[in-house]
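Topology and contacts: notes
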Amino acid sequence: MQISTNSDGQTVISTFEMTPGTCADVLEALQDAYAQVIRHQPGFRAVAIHVNDAQTRIATYSQWRAREDFQAMLRTTEMRERNRAIAAMCARFEPVMYEVAATFAPD
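Nothing here was measured: the structure is a model prediction, and the numbers come from that model.

This part covers the packing of helix 1 (residues 20-36) against helix 3 (residues 77-89). Where helix 1 meets helix 3, the closest approach of the two axes is 10 Å, and the angle between their N-to-C directions is 165 degrees. Of the possible angle classes, the one that applies to helix 1 and helix 3 is roughly antiparallel. Relative to helix 3, the crossing made by helix 1 is left-handed. Contacts from Thr22, Asp25, Val26, Ala29, Leu30, Asp32, Ala33 and Gln36 of helix 1 reach helix 3 at Met79, Arg82, Ile86 and Met89.

Following this line, the structure appears as structure tokens:
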């Protein structure tokens, strides 16, 4: 995965809030969704999944060829069902689309 302001794609950062007791279940559901469904969708480029130390938040950073590719994935029957199950385990679940505004690397 490479982050660049020259990217012609769509970045999506999704945040999931849950209790520490359900973090492992949400993480497993997300990993399964990416392994079995999402990574095979047209326009998918890459994802990184992050878990905070308290196990109360998960964030995913995904890259797509275009906004429409991400939206099409969300509309599939498979992902609608998976997202309902994931949302039921979370207090909050929010995907947001971003453009890369700046990047910095060490000297």
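For Tyr98, the location among the structural elements is in strand 4 (residues 92-98). A C-alpha to C-alpha distance of 9.9 Å links Tyr98 and Gly9, two positions 89 residues apart in sequence. Aside from chain neighbours lying at most four places away, what touches Tyr98 is Gln10, Thr11 and Ile13.

This part covers the side chain of Ser14. Its place among the elements puts Ser14 in strand 1 (residues 10-17). Residues within four places of Ser14 in sequence aside, it is in contact with Ile58, Ala59, Thr60, Glu94 and Pro95.

Definitions and limits used
Residues numbered from 1 in each chain as written. Predicted model: local features only at pLDDT ≥ 70, side-chain atom pairs only at ≥ 80, totals over all residues. Heavy atoms only, no water. Axes fitted to C-alpha atoms, helices over the stretch in contact; angles between N-to-C directions. Helix = DSSP H or I, 4+ residues; strand = E, 2+ residues; numbered from the N terminus. Parallel < 35°, antiparallel > 145°, perpendicular 65-115°, else oblique. Left-handed = near helix turned anticlockwise from the far one by under 90°. Contact = heavy atoms within 4.5 Å.

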